[in-house]
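Single-letter residue listing:
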Amino acid sequence: MGNCCTIPSSSSSSEKKKAKGNNKNKQNPFFGNDYVVNSGSGYIDHKLVVLKEPTGRDISAHYDLGRELGRGEFGITYLCTDVNTDEKLACKSISKKKLRTAVDIEDVRREVEIMKHLPHHPNIVSLRATYEDDNAVHIVMELCEGGELFDRIVARGHYTERAAAAVMRTIVEVVQMCHKHGVMHRDLKPENFLFGNKKETAPLKAIDFGLSVFFKPGERFNEIVGSPYYMAPEVLKRNYGPEVDVWSAGVILYILLCGVPPFWAETEQGVAQAIIRSVIDFKRDPWPKVSDNAKDLVKKMLNPDPKLRLTAQQVLGHPWLQNAKKAPNVSLGETVKARLKQFSVMNKLKKRALRVVAEHLSVEEVAGIKEAFDMMDTTRRGKINLEELRIGLQKIGQQIPDADLQILMEAADVDGDGSLNYGEFVAVSVHLKKMGNDEHIHKAFAFFDQNQSGYIEIEELREALNDEVDTCSEDVINAIMHDVDTDKDGRISYEEFATMMKAGTDWRKASRQYSRERFNSLSLKLMRDGSLQVAS
């Protein structure tokens with residue numbers, strides 16, 4: 001983190017120099033200079049203004065907020081009722097105390113601007129209103145109560161290639177609409193698509209634009225964001241454009257057809273290496289029974305060269321989608337359904353655990369990081385160079401070999417000026433903390449292990465997940481236990497839990513800074529090993 005505005009590779013050198021310069025005298029883009037973000041305490045002055053043109057200040061005058069529907073890193077989504085029409089909607093309320101940095105603030109502002117910018121589309125969740133008071137930002141949206149994509153597929157008794165084609169057409173139409181209006185999504189994955197209602201004919205809708213950005217033709221980006229499974233190789237190379245969305249959609253198509261991701265490994269580094277290799281397996285079941293047209297489309301969407309990859313428009317013109325209603329209507333088999341269910345279920349467990357991790361990146365912890373930063377910043381210039389970092393880490397008992405420290409420094413130094421600002425230092429601190437003792441995973445495990453027995457038992461699992469999965473669905477709970485409990489003793493040990501958490505985890509949900517720093521580190525390591533070529 002630490003880069004409020006990601007500088008595209010095409011930026012002029014003078015623009016880059018401006019971005020790298022000292023910002024102390026620069027006017028704050030979010031509010032007057034009289035009010036500043038206090039990153040150390042996590043507290044932001046109540047006069048902070050996030051949105052450019054909110055609908056109003058008092059949401060209660062127009063909407064009643066009901067039960068909680070979901071919870072993310074920054075906000076809580078509530079069932080929301082229009083007091084005049086009784087229409088049921090969803091409201092994401094984001095506490096300003098959670099917006100610790102200018103990057104966080106800009107993310108919220110940009111998400112709203114993008115939702116306002118995109119025209120009405122039957123497969124994109126519509127924005128109804130925005131409110132901002134002293135304490136929170138409230139985003140009122142269309143309610144999607146039909147459940148997640150994979151859950152709907154698993155619930156069906158019959159899943160076919162034709163059904164996968166219908167889903168893929170919808171997803172790529174959303175991508176095409178975004179690209180046509182200068183928006184790159186950057187975080188396409190099944191969890192970001194919900195059905196509008198519980199009817200069989202319900203529309204599938206894209207719901208999350210939190211990592212989306214505006215782009216211009218030819219503009220290149222270098223910020224590493226997204227979810228590991230769905231990340232295109234050029235994202236790891238830190239030189240990409242809107243083609244990354246077609247890659248992510250291609251990953252979803254592969255999963256829809258066989259039930260597992262095309263690039264998978266037990267560790268984040270393994271996932272990154274698999275993405276770079278880009279070897280697609282068409283041998284496992286059920287690929288022998290999948291049509292050649294479907295396999296051809298997968299290969300063309302997952303071409304590692306973005307210049308040769310199909311555009312969204314070309315994907316929609318591909319014979320497999322042009323003849324979607326004629327695609328084979330033969331069941332892809334119970335194996336695929338079982339795999340999709342497992343994939344969906346594991347995401348739910350990780351999501352719940354990562355929420356605990358996010359909640360434990362406390363105000364006190366961030367304050368401690370700020371203290372350490374101030375201690376190392378001996379010149380009081382708001383930046384730390386490599387030598388200051390080395391000396392500072394030694395003072396607090398962190399002995400890091402010089403070679404590793406250099407890699408860590410380069411990975412976190414997003415703006416490339418040879419030193420770390422406070423935001424970039426937070427990324428290093430969180431990474432070192434996790435490397436040192438897995439403290440956050442221990443906290444997440446303790447959340448599930450209510451009776452402190454040292455194991456997560458099935459009853460504790462059921463209780464902890466009651467807001468993530470249908471508690472009536474015993475087979476879902478049993479599937480989690482079956483997959484995580486590798487020694488088959490009927491309970492989950494800490495070691496089994498930690499292994500599950502580290503297998504290709506989407507750490508952005510817990511700490512966006514950590515995710516970016518971690519994948520930067522991985523991409524640098526891959527470059528050092530010679531398995532990743534730096535994009536020109």
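For the structure itself, look to the data block above.
Residues numbered from 1 in each chain as written. Predicted model: local features only at pLDDT ≥ 70, side-chain atom pairs only at ≥ 80, totals over all residues. Heavy atoms only, no water.

Student: Just to check I follow, could you spell out the sheet that holds strand S1 (residues 63-71) for this structure?
Tutor: With antiparallel pairing, the five strands of this open sheet are ordered in space as S1-S2-S3-S5-S4. Each of the sheet's edge strands pairs with one partner strand only, and the pair in question is S1 and strand S4 (127-132). With strand direction ignored, the average angle separating the axes of adjacent strands in the sheet is 25°. Helix H2 (residues 102-117) contacts strand S3 (88-95), S4 and strand S5 (136-142) of the sheet and is inclined by roughly 150° relative to S4. (Pairing = 2+ DSSP bridges. Helix = DSSP H or I, 4+ residues; strand = E, 2+ residues; numbered from the N terminus. Axes fitted to C-alpha atoms, helices over the stretch in contact; angles between N-to-C directions. Contact = heavy atoms within 4.5 Å.)

Student: Even after reading the chapter, I still don't get the pattern of salt bridges, so can you show me in this structure?
Tutor: Note on pairing: side chains with opposite charge can pair once their charged atoms come close. One pass over the full model with this rule turns up 16 salt bridges. Between Glu234 and Arg309 there is a salt bridge, with the nearest N and O atoms lying 2.8 Å from each other. Taken together, the residues span a long stretch of sequence, with Glu234 in helix H5 (residues 233-236) and Arg309 in the loop between helix H8 (292-301) and helix H9 (312-316) at a distance of 75 residues. Taking the shortest distance from any N to any O, the salt bridge between Arg390 and Glu387 comes out at 2.4 Å. In this pair, Arg390 and Glu387 both sit in helix H13 (residues 386-395), three residues apart, roughly one turn of the helix. The exposure class assigned to Arg390 is buried, which follows from its relative accessible area of 19%. Overall, the relative accessible area of 42% leaves Glu387 in the partly exposed class. (Salt bridge = Lys/Arg side-chain N within 4 Å of Asp/Glu carboxyl O. Buried < 20%, exposed > 50% of the residue type's maximum accessible area, 1.4 Å probe, protein only.)

Student: Teacher, can you tell me more about the pairing of S3 here?
Tutor: Along a regular strand, successive side chains alternate from one face of the sheet to the other. Counting buried positions along S3 gives six out of eight residues, so the element sits mostly inside the fold. Of the strand pairs in this sheet, strand S2 (residues 75-82) and S3 are connected by seven bridges, and their pairing is antiparallel. Counterpart to Tyr78 in the pairing with S3 is Cys91. Between S2 and S3, which pair antiparallel one after the other, the connecting turn spans five residues, and Asp86 there sits at a positive phi close to 70°. Looking at chain direction, S3 and S5 are connected through seven bridges and run antiparallel. When the bridges of S5 are listed, Ser95 appears paired with Ala136.

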